[in-house]
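Notes for the structure review
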Amino acid sequence: MAFFTYETKKDTRSGFGAGMEYLSQHNPNVVALCADLIGSLKLEGFIKNSPERFFQTGIAEANMIGISAGLAVAGKIPYATTFANFGTGRVYDQIRQSVAYSGTNVKICCSHAGLTLGEDGATHQILEDIGLMKMLPGMVVINPCDYNQTKAATIAIAEHEGPVYLRFGRPVVPVFTPEDQKFEIGKAINLIEGSDVSIFATGHLVWESIQAAEILLEKGIKAEVINIHTIKPLDSEAILKSVAKTKCLVSAEEHQINGGLGDSIAQLLIQTSAYPMEFVGVNDSFGESGKPAELMTKYGLDANNIVEKALKAISRK
Amino acid sequence: MTITQLKEKSKTYRKKILELIFHAKAGHTGGCLSIIDLLNVLYNHVLRIPSPKDPSRDRFIQSKGHAVEALYVVLADQGFFPEEDLKTLGQYQSPYIGHPTKKIPGMEQNTGGLGHGLSICAGNALAAKKDKSDIKVYTILGDGEMAEGSNWEAMMFAAHYKLDNLCGILDYNKLQISGANAQVMGLEPIKQKIESFGWSVKEVDGHNIEELVNTFDQLPFENGKPSFIIAHTVKGKGVSYMENVAKWHHGVPSAEQLEQALAELA
Ligand SMILES: [Mg+2]
């Protein structure tokens, strides 16, 4: 059986673009910056509506973060946008000092996160950005799962006073969450209720986890699937409640296992109620060129591997 | 404030900086004495800051955050916080730490790591332009700091957006922590470099109060261009044994050295 159905597939970055277009009409304090990747970030709608609130910075990401901090000090709500690699790792000190430590109201919004940008290969496939950003005190880290959720998250973070990292991607993926949903930062969403194993997934791996739950059900196993769209602050309550019932778990993310969502969950559980846990993520490796689906399969970021890991977790109970 | 009064201020500030660093047993003495005349003219002649949170205030962000003791002395003198509070400088739980933080009234942004201030100021200046506000934005950069690539990104940006409400000031004492700029990483020809990035540049003696006042009064140097002041300064200016000696970058005077310095400044 299908737990969720969908009519279209869209890229999450287009959800970001749609959110920005909404903000251009509804929040006059929002300004957007981009380091020469307007098309990739889907900013055309925002720029068309509000050209006076868009600032091209050229390929100079360190300056883009500094300019954003300055705009924030002046009361604007800057959305600094580029690819995830250049918006986080490349400019870590700018973010650390002028955004996080200074508590400036800057939204760092990055596309092409993870493996699924595909053909460009390892230089562009950052798999460390969640870890880099979640380590910064005060930084909110969000990785929505589909177009609708990304749009809602883009709109919601304008209302949050403080630094945010919003991560999304390039491939088209099923649109299965409700249109015009209200996005609540830090509030996990229980997508499928189950009693045998908890699957905590973020970003593109949420859909794969739903597929995994369907395969598991055919084997008579009831998996609970929870969408952890906000990695920080982590919804500890939702996680603890689920594992208290299922007594084992899997984390799933398009990121290094080191420093990712699974790390955060493991840290929580080892202090409260440790249960057998398995990790779906990239295991200490860089990416490579290929079609997104090929890469996700090779690195085990798909439904089949989630099923395998779920069975393993259950067997360790 | 008259030129004579400003000159007196500089003397007083120098003494206070030395006493403060002596008391805290830590600080960036050389750089503080290098920028103090710049800060003096900025805060007592140039900047319009009715109160630290006044939305219409001009903005100053010290990009070379390590020379924070000079800024503390000047901000206390502006009445933004009691001078008495500075006695806790560098102590556990004191808000007066070794680099600027927004927790201190009058400090706009946390700085310390180099190469941040010019970008932040350019962002601030851009916002002021968009808001059609006449706020002016200023920053002081260190000469060693000019090797940071982000400064040159900010240079391109400020010229591209015609931020003539922005003024960069270079504390050009020709020394940085491990020696002479020329040995560590040469800056020259710095004036031509900055001009070629689309800025309007003037050179001044960074310790000549009259010259500084006259130069700041000419801002913006050209409409539609950001302004840059290359202030030729002396690291450790005003204390004979500190002047042009790189080790005073982070040196703390002994009691005898303090006494001699205060006598020289009397
Ligand atoms: Mg120097």
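Since we're looking at a predicted model, the values are computed, not measured.

Observations regarding the overall build of chain A
The helix and strand inventory of chain A stands at 13 helices and 14 strands. Since a compact globule built from 317 residues should have a radius of gyration of about 20 Å, the 19 Å found for chain A is in line with a globular shape. Along the three orthogonal principal directions, the C-alpha set of chain A runs to about 55 × 40 × 35 Å. Long-range pairs, those at least 24 residues apart, make up 81% of the contacts in chain A with a sequence separation of at least 6.

Remarks on the environment of G300 of chain A
Following the sequence through the fold, G300 of chain A ends up in the loop between α12 (292–298) and α13 (303–315). With 17 C-beta atoms packed within 10 Å, G300 of chain A lands in the partly exposed category.

Some words on the interface of chain A and chain B
Listed per partner, the contact involves 22 residues of chain A and 22 residues of chain B. Mapped by element, the contributors of at least two residues to the side of chain A that touches chain B are α4 (61–73) and α6 (92–101) of chain A. Broken down by element, the residue count for the side of chain A that touches chain B peaks at nine residues, all from α4 of chain A. Within the side of chain A that touches chain B, the residues separate by chemical class into nine nonpolar, ten polar and three charged.

Notes on the sheet that holds strand β4 (residues 77–83) of chain A
Residue and element names in this part refer to chain A. Taken in spatial order, the seven strands line up as β3-β2-β4-β5-β7-β6-β12 in an open sheet, and their pairing is mixed. This sheet does not close on itself; its edge strands, each paired only once, are β3 (54–56) and β12 (230–232). Strand-to-strand twist in this sheet, taken as the mean axis angle between neighbours without regard to direction, amounts to 20 degrees. Direction of pairing for strand β2 (residues 30–34) relative to β3: parallel, over a ladder of three bridges. Note that in β3 the partner of A32 across the bridge is F54.

Thoughts on helix α5 (residues 149–160) of chain B
Taking 1.5 Å per residue, twelve residues should reach 16 Å; α5 of chain B reaches 17 Å between its end C-alpha atoms and fits that length. Looking only at α5 of chain B, the buried set comprises S150, N151, E153, A154, M155, F157, A158 and A159 of chain B. Where α5 of chain B is buried, its residues meet α4 of chain A together with α4 (117–130), β2 (137–142), β3 (166–172) and α7 (190–196) of chain B. K162 of chain B, located one to two residues past α5 of chain B, shows a positive phi value of around 55 degrees.

Some details on the nonpolar core
Counting 173 residues, the largest nonpolar core has I199 and A310 of chain A together with I17, A70 and A122 of chain B as its most contacted members. Here this core takes ten residues from helix α2 (residues 29–46) of chain B, the largest share from any one element. Both domain 1 (9–174) and domain 2 (189–315) of chain A contribute no fewer than three residues apiece to this core. When sequence neighbours within four positions are dropped, the list of residues in contact with I199 of chain A reads S209, A212, A213, A223, E224, V225, V250, A252, I306 and A310 of chain A.

Some details on the UniProt feature "domain: Transketolase N-terminal" (unreviewed entry) in chain B
Under the local residue numbering, the UniProt record ascribes the feature "domain: Transketolase N-terminal" (unreviewed entry) to residues 12–253 of chain B. Helix makes up 36% of residues 12–253 of chain B and strand 14%. Its end C-alpha atoms lie 17 Å apart.

Details of the pairing of strand β7 (residues 227–232) of chain B
Walk down a regular strand and you will see the side chains alternate between the two sheet faces. All names here are of chain B. Among the six residues of β7, five are classified as buried, and the element is accordingly described as predominantly covered. Pairing geometry for β3 and β7, over six bridges, is parallel. By the bridge assignment, I169 is partnered in β7 with I229. In terms of strand pairing, strand β6 (residues 200–205) meets β7 through six bridges, oriented parallel. Paired with V201 across the bridge in β7 is F228. Regarding the hand of the β-α-β motif, the stretch spanning β6, helix α8 (residues 209–217) and β7 is right-handed.

Some thoughts on the packing of α4 of chain B against α5 of chain B
All names here are of chain B. The geometry of α4 relative to α5 is characterised by a closest axis approach of 8 Å and an angle of 20 degrees between their N-to-C directions. The angle between α4 and α5 falls in the class roughly parallel. Here α4 and α5 pass one another in a crossing that is left-handed. Taking contact as the criterion, the partners of L118, S119 and A122 in α4 are, on α5, S150, N151, A154, F157 and A158.

Some thoughts on helix α1 (residues 12–26) of chain A
Structurally, the α-helix is built with 3.6 residues per turn, so residues lying three or four positions apart point the same way. Residues and elements named next belong to chain A. Taking 1.5 Å of rise per residue, 15 residues should cover 21 Å, and α1 covers 21 Å from first to last C-alpha, within 8% of that figure. Within α1, twelve of the 15 residues are buried, leaving the element largely enclosed by the surrounding structure. If you check which residues of α1 are buried, you get T12, R13, S14, G15, F16, G17, A18, G19, M20, E21, L23 and S24.

What about the sheet that holds strand β11 (residues 223–227) of chain A?
Residues and elements named next belong to chain A. Strands sit in the order β9-β11-β10-β13-β14 across an open sheet of five strands; the sheet is mixed. The sheet is open, and its two edges are formed by β9 (189–192) and β14 (277–282), each paired on a single side. Along the sheet, successive strands turn relative to each other by an average axial angle of 25 degrees, direction set aside. Looking at chain direction, strand β13 (residues 249–256) and β14 are connected through five bridges and run parallel. Pairing of V250 across the sheet is with E278, part of β14. The strands touched by helix α9 (residues 205–218) are β9, β10 (197–201), β11, β13 and β14; relative to β11, the strand with the most contacts, the crossing angle is about 170 degrees. Across the face of the sheet, α13 comes into contact with β10, β11, β13 and β14 while running at roughly 160 degrees to β14.

Brief notes about the domain arrangement of chain A
All names here are of chain A. The domain boundaries assigned to chain A delineate domain 1 (9–174) and domain 2 (189–315). Taking only C-alpha atoms, the centre of domain 1 and the centre of domain 2 are 25 Å apart. Contacts between the two partners involve 27 residues from domain 1 and, on the opposite side, 30 residues from domain 2. When its residues are assigned to classes, the side of domain 1 that touches domain 2 shows 14 nonpolar, nine polar and four charged.

Comments concerning the packing of helix α1 (residues 3–24) of chain B against helix α9 (residues 255–265) of chain B
Any two packed helices are characterised by how steeply their axes cross, that is the angle between the axes, and by the distance between the axes. Residue and element names in this part refer to chain B. Direction vectors running N to C along α1 and α9 enclose 175 degrees, while the axes themselves pass 10 Å from each other. Relative to α9, α1 is oriented roughly antiparallel. On the side of α1, the interface is formed by K11, R14, K15, L18 and F22, while α9 contributes L258, A261, L262 and L265. Of the residues in the contact of α1 with α9, the class split is six nonpolar, no polar and three charged.

Cut-offs and rules
Residues numbered from 1 in each chain as written. Chains lettered and ligands numbered in written order. Predicted model: local features only at pLDDT ≥ 70, side-chain atom pairs only at ≥ 80, totals over all residues. Helix = DSSP H or I, 4+ residues; strand = E, 2+ residues; numbered from the N terminus. Rg over C-alpha atoms; globule rule 2.2 N^0.38 Å. Contact = placed C-beta atoms within 7 Å. Buried ≥ 20, exposed ≤ 12 C-beta atoms within 10 Å, placed from the backbone. Nonpolar A, V, L, I, M, F, W, Y, C, P; charged D, E, K, R; others polar. Pairing = 2+ DSSP bridges. Axes fitted to C-alpha atoms, helices over the stretch in contact; angles between N-to-C directions. Expected span 1.5 Å × (residues − 1). Core = buried A, V, L, I, M, F, W, Y, C linked by C-beta atoms within 7 Å. Domains from an automatic or database assignment. UniProt positions renumbered as here; feature names shortened; annotations may be inferred. Right-handed = clockwise from strand over helix to strand, strands pointing away. Parallel < 35°, antiparallel > 145°, perpendicular 65-115°, else oblique. Left-handed = near helix turned anticlockwise from the far one by under 90°.

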